[in-house]
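Overview (structure and organization)
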Amino acid sequence: MTTTPASRAPARTVLDLTGTLVHTAHVLNTRLAAALSEVGLLQREQCVLVHALEAERTQGQLAELARMDKTTMVVTVDGLEKAGYAERRPSSTDRRARIIHVTEAGAEIAARGQEVVDRVHRDVLDALPAAQREIFVGALENLTEGALAEPVHSDQPVRRARQARR
């Protein structure tokens, strides 16, 4: 009797959490990107604008908050400046540092973008029965603040998916 390749596969004893989370994150990102295109923003632009509106922050601080590499951050801020949504200005507390200042137009587009983000997130959460929503959100928060708070660094690199450019 010959065995087929499928019969030699190891049995899964736990849900493929990585595959499930990667897939759902990808689908959510595509929905969010499509929805934000309604207001002419990329996800990373929305993220930078919102974080820059919260407090006076440098480009490096914003990159860390937005989980972006420095090159992507420079390109993002360049795009925001070109659109008239942000400008690089000297910091009020450190003459050597430059902060990202959101213009009035940038604040308006960020508010419109946040309405879009909230709508997409609400639509996704509304797909769950009401009794499960709070539990689901709480569980995600617990994971991101606990077991999945920081990436593990190893000799084997893990590449993050690149965002499409306009």
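Details of the structure are given in the entry above.
A quick note: this is a predicted structure, and the numbers were derived from the prediction, not measured.

On inspection of all chains with the given rule, the structure shows 8 salt bridges. Taking the shortest distance from any N to any O, the salt bridge between E81 and R88 comes out at 2.4 Å. In this structure R88 comes out as partly exposed when scored by relative accessible area, which is 23%. Connected through shared salt-bridge partners, D78, E81 and R88 make up one network.

In this structure, L49 and M73 are the most contacted members of the largest nonpolar core, which totals 24 residues. Of all elements in the fold, only α1 (17-36), α2 (43-54), α3 (59-66), α4 (70-82), β2 (98-102) and α5 (104-126) reach the threshold of two or more residues within this core. Here this core takes 5 residues from α5, the largest share from any one element.

On to α2, then. Over its 12 residues, α2 extends 17 Å from the first C-alpha to the last, a length consistent with the 16 Å expected when each residue adds 1.5 Å. When α2 is considered as a whole, its buried residues turn out to be Q43, R44, E45, Q46, V48, L49, H51 and A52. Tucked inside the fold, the buried residues of α2 contact α1, α3, α4, β2 and α5.

Analysis parameters
- All chains use their own residue numbering, which begins from 1 and follows the written sequence.
- Per-residue local features of the predicted model are confined to residues with pLDDT of at least 70, and side-chain atom pairs are confined, for both listing and counting, to 80 or more; whole-chain, interface and lining totals are unaffected and use all residues.
- Note that the side-chain values use all heavy atoms of the structure and ignore hydrogens as well as water.
- Salt bridge, as used here, is a side-chain nitrogen of Lys or Arg placed within 4 Å of a carboxyl oxygen of Asp or Glu.
- Note on classification: 1.4 Å probe, protein chains only; a residue is buried when its accessible area is under 20% of the maximum for its type, exposed when over 50%, partly exposed between these limits.
- Joining through side-chain atoms within 4.5 Å is the link that ties buried Ala, Val, Leu, Ile, Met, Phe, Trp, Tyr and Cys residues into a set, and such a set is a nonpolar core.
- Secondary structure elements are defined from DSSP: runs of H or I of at least 4 residues count as helices, runs of E of at least 2 residues count as strands, and each element is numbered from the N terminus.
- Given the number of residues in a helix, its expected span is that number minus one, multiplied by 1.5 Å.
- Any two residues having at least one pair of non-hydrogen atoms within 4.5 Å are treated as being in contact.

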